[in-house]
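So you can see what is in the structure, the chains are spelled out below.
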Amino acid sequence: MKDDADSHGHLQDSTYDLLVVGSGAAGMAAAVVAACKGLSVVVLEKASVFGGTTALSAGGTWIPCNHLARAAGIQDTPEQALAYFKFCGGDRLNEALARRFIDQAPVMLRFLEAHTHAKFSYAAGRPDYRPHAPGAAAQGRTIHPLPFDARQLGTHIHRLRPPFRELTFLGMMIKPGPELKHFLNVLRSFESARYVIRKVLRHFRDLLVHHRAMDLSNGNALIASLAKSLFDHGMHIHTDTEVRQLLVDNGRVTGLVASQQGQLITLTARKGVVLASGGFSHDHERRQAHFPHTKRSQHHWSPVPDSINGDGLRMGESASGHVDLGQAHAACWAPVSRVPQPNGQVTIVPHLIDRQKPGFIAVTKHGFRFVNEASSYHDFGQAMITACANEDQVIAYLIADHRAIRRYGIGAVKPAPLPIGSHLRSGYLMRGFTLEELAQVAGIDTKNFLETVAHYNQQAKLGSDPQFGKGSNIYNCYNGDPGHEPNPCLAPIQDGPFYAVQLHIGELGTLTGLAIDDKARVLNAQGTPVPGLFACGNDASSVMAGDYLGGGATLGPGMTFGYLAACHAAGQSA
Ligand SMILES: Cc1cc2nc3c(=O)[nH]c(=O)nc-3n(C[C@H](O)[C@H](O)[C@H](O)COP(=O)(O)OP(=O)(O)OC[C@H]3O[C@@H](n4cnc5c(N)ncnc54)[C@H](O)[C@@H]3O)c2cc1C
């Protein structure tokens with residue numbers, strides 16, 4: 001049986017082999033693999049567009065020992081990967097699950113590359129996030145989806161979640177790595193200018209003809225390629241379809257109830273239900289219970305779509321699934337800023353590529369630095385939480401001088417030649433013609449701030465940062481500016497005017513989730529599988545014990561456990 005959508009695309013009460021809740025990478029991997037293995041499957045998506053947070057993401061996918069890096073001559077072994085897991089996860093690590101991930105992630109990748117439209121390349125030179133740890137890789141474990149031509153999706157393209165506008169140029173996606181470098185060098189290199197002009201002209205043509213970007217990359221390309229594969233098998237993604245409840249018969253999950261356009265539909269599952277609804281980023285109650293800073297105030301800003309509010313965890317618990325609270329961190333923390341929009345709304349933008357560059361520092365409102373600004377978003381976020389432990393709100397300021405923000409941009413502010421006036425007018429970007437004035441405008445302790453900048457500048461001129469070590473490891477430097485010497489992450493903040501953007505604590509997704517076993521089956525509090533119920537992606541507990549090991553540390557495990565759920569449902573031991 002393929003799909004029981006009637007002629008209007010509505011679902012009817014019916015039976016499938018596998019029911020998948022959520023259309024992010026984890027759910028889509030489970031669905032596509034199930035379809036490839038001959039199961040009937042349907043994906044149910046609460047939002048009006050499919051793709052979840054994955055479609056907004058950079059699409060980095062962390063797969064140790066993958067064949068793409070090996071083909072490029074990069075050595076990696078399961079023992080090295082496990083040593084890295086053990087170092088980062090410590091006593092909290094579920095070693096058996098980590099071994100399973102290390103063993104099966106490369107198998108999942110090969111399967112997708114062989115049987116679906118999803119294709120990847122390894123990110124040359126991109127190191128793991130803790131490069132000094134035993135078993136860390138200098139490159140090879142993070143892979144990226146290859147670009148995907150949206151025309152292949154036909155009319156479904158209009159149901160694909162568009163990328164973050166603030167992280168694009170007029171809706172055009174920019175791939176991390178060499179393509180981003182071309183954009184940052186557009187005023188400096190003829191080759192980069194030519195690359196950018198060609199890409200922009202192609203994009204304008206797509207905007208005229210299709211009213212959107214068609215040259216998909218990053219998480220958008222990943223979701224589009226998996227969706228195309230699912231559609232090729234005759235399976236469907238039902239958007240605007242919210243799963244409300246699991247059906248449990250004698251302890252076994254037998255189906256679910258979903259709501260579509262005000263109608264309740266009962267779907268029965270022969271092999272099981274996969275919870276892949278993206279975690280609990282917008283579940284205020286669970287946030288308050290598990291995020292340390294929200295115990296003082298609800299001040300937390302997530303760039304994750306609003307539809308992700310803990311449904312999977314709640315439904316899993318209702319079927320006697322157990323939420324694993326043993327994680328070091330309940331979420332993958334990230335500094336974010338709040339960008340006022342002309343319509344009065346506010347967009348949340350994560351700071352992923354600015355703070356590592358030369359000429360940027362972060363300070364608290366007391367005017368002190370508190371972190372190596374080039375550390376990962378997860379580590380930066382942790383440091384923000386610690387630095388503001390006695391404050392009501394977790395807030396810091398990203399500071400740069402004129403040269404730095406025109407060269408690299410800051411948050412939603414794009415580099416030159418794009419104008420900055422609208423951000424100054426909205427108050428998003430704060431400016432002072434002197435450092436004193438900036439401190440006063442931003443509300444930062446002036447005396448401490450001046451001392452902090454003077455001290456930082458003295459060392460930055462020499463290319464060193466004895467206080468926090470910005471630019472002291474290969475991960476820092478990868479995200480710095482390779483053309484800047486002597487340290488790609490350090491430059492004095494000296495050429496006014498000076499700028500600040502207020503940073504808030506946020507996250508890129510949650511890490512606390514349902515306990516699962518090596519087949520992605522949800523476990524109850526006794527550690528026994530709940531029959532008929534699987535979880536993957538951020539609905540499942542992080543295999544990294546709440547740490548974040550490298551670029552793609554949620555998508556890699558999410559897709560791997562989605563793959564394993566599908567294999568088990570298909571009766572094939574993977
Ligand atoms: C800007 C940004 C960049 C990022 N870059 C990376 C990266 O490069 N690599 C990486 O690993 N991670 C990255 N992340 C994090 C990553 O995107 C998420 O952790 C990941 O996409 C979660 O995948 P998922 O499949 O679990 O859920 P999602 O992709 O979030 O999908 C879950 C879906 O379930 C739907 N849903 C929720 N409730 C219901 C319900 N009741 N019924 C039906 N559907 C429901 C939601 O609407 C959503 O569409 C990034 C995040 C952000 C914000």
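Residues numbered from 1 in each chain as written. Predicted model: local features only at pLDDT ≥ 70, side-chain atom pairs only at ≥ 80, totals over all residues. Heavy atoms only, no water.

1. As for the layout of surface pockets
And then number 1: Taken as a whole, the second largest pocket holds about 790 Å³ of empty space.
And then number 2: Lining the second largest pocket are 33 residues, and of these Leu 56, Arg 161, Phe 164, Pro 303 and Thr 347 lie nearest its centre.
And then number 3: Listing elements by their share of the lining of the second largest pocket, those giving two or more residues are α7 (190-210), α9 (284-290) and β13 (346-350).
And then number 4: Top element by residues in the lining of the second largest pocket is β13. It accounts for 3 residues.
And then number 5: The residue inventory of the lining of the second largest pocket, partitioned by class, reads 13 nonpolar, 13 polar and 7 charged. (1 Å grid on protein atoms, 1.4 Å probe; cavity = no way out; pocket = protein on both sides within 12 Å on 5 of 7 lines; lining within 4 Å. Points joined across faces, edges and corners; volume = space filled by probe spheres on them. Helix = DSSP H or I, 4+ residues; strand = E, 2+ residues; numbered from the N terminus. Nonpolar A, V, L, I, M, F, W, Y, C, P; charged D, E, K, R; others polar.)

2. Observations regarding the site of the ligand
And then number 1: Near the ligand, the surroundings consist of 38 residues, among which Glu 45, Thr 54, Ser 307, Asp 311 and Leu 555 are the closest.
And then number 2: With respect to the ligand, the backbone of Ala 25 contributes an N or O atom lying 3.4 Å from an oxygen atom.
And then number 3: In this structure, an oxygen atom belonging to the ligand sits 3.1 Å away from a main-chain N or O atom of Ala 26.
And then number 4: Here the ligand loses 98% of its free accessible area of 1,000 Å² to cover by the protein chains.
And then number 5: When residues of the shell around the ligand are traced back to their parent elements, those giving at least two are α1 (25-36), α2 (52-56) and β9 (241-249).
And then number 6: With 4 residues, the single largest contributor to the shell around the ligand is α2.
And then number 7: Of the residues belonging to the shell around the ligand, the class tally is 16 nonpolar, 18 polar and 4 charged. (Near = heavy atom within 4 Å. Polar contact = N/O pair within 3.5 Å; in protein donor to acceptor, adjacent residues only side chain to side chain. Areas by Shrake-Rupley, 256 points an atom, 1.4 Å probe, with all protein chains shown as cover.)

3. Let's talk about the packing of aromatic side chains
And then number 1: Throughout the structure, instances matching the rule amount to 14 aromatic pairs.
And then number 2: Ring geometry for Phe 50 and Phe 231: centres 6.3 Å apart, planes at 80 degrees, overall edge-to-face. With Phe 50 in the loop between β2 (41-44) and α2 and Phe 231 in helix α8 (residues 218-232), this pair connects stretches of sequence that are 181 residues apart.
And then number 3: Phe 50 gets classed as buried once you look at its relative accessible area, which sits at 0%.
And then number 4: Judged by centre distance (5.7 Å) and plane angle (55 degrees), the rings of Phe 111 and Tyr 563 are tilted. (Phe/Tyr/Trp six-rings, centres within 6.5 Å; stacked < 30°, edge-to-face > 60°. Buried < 20%, exposed > 50% of the residue type's maximum accessible area, 1.4 Å probe, protein only.)

4. Here we look at empty space enclosed by the protein
And then number 1: The tally for this structure, following the rule as stated, stands at 3 cavities of 30 Å³ or more.
And then number 2: Taken as a whole, the largest cavity holds about 180 Å³ of empty space.
And then number 3: Residue lining of the largest cavity: 19 residues in total, with Gly 537, Ser 541, Ser 542, Val 543 and Pro 557 positioned closest to the centre.
And then number 4: Residues belonging to the lining of the largest cavity are distributed by class as follows: 11 nonpolar, 7 polar and 1 charged.
And then number 5: As for the second largest cavity, its lining consists of Cys 65, Asn 66, Ala 69, Arg 70, Ile 74, Asp 76, Gln 139, Gly 140 and Arg 141.
And then number 6: Looking at side-chain class alone, the lining of the second largest cavity contains 3 nonpolar, 3 polar and 3 charged residues.

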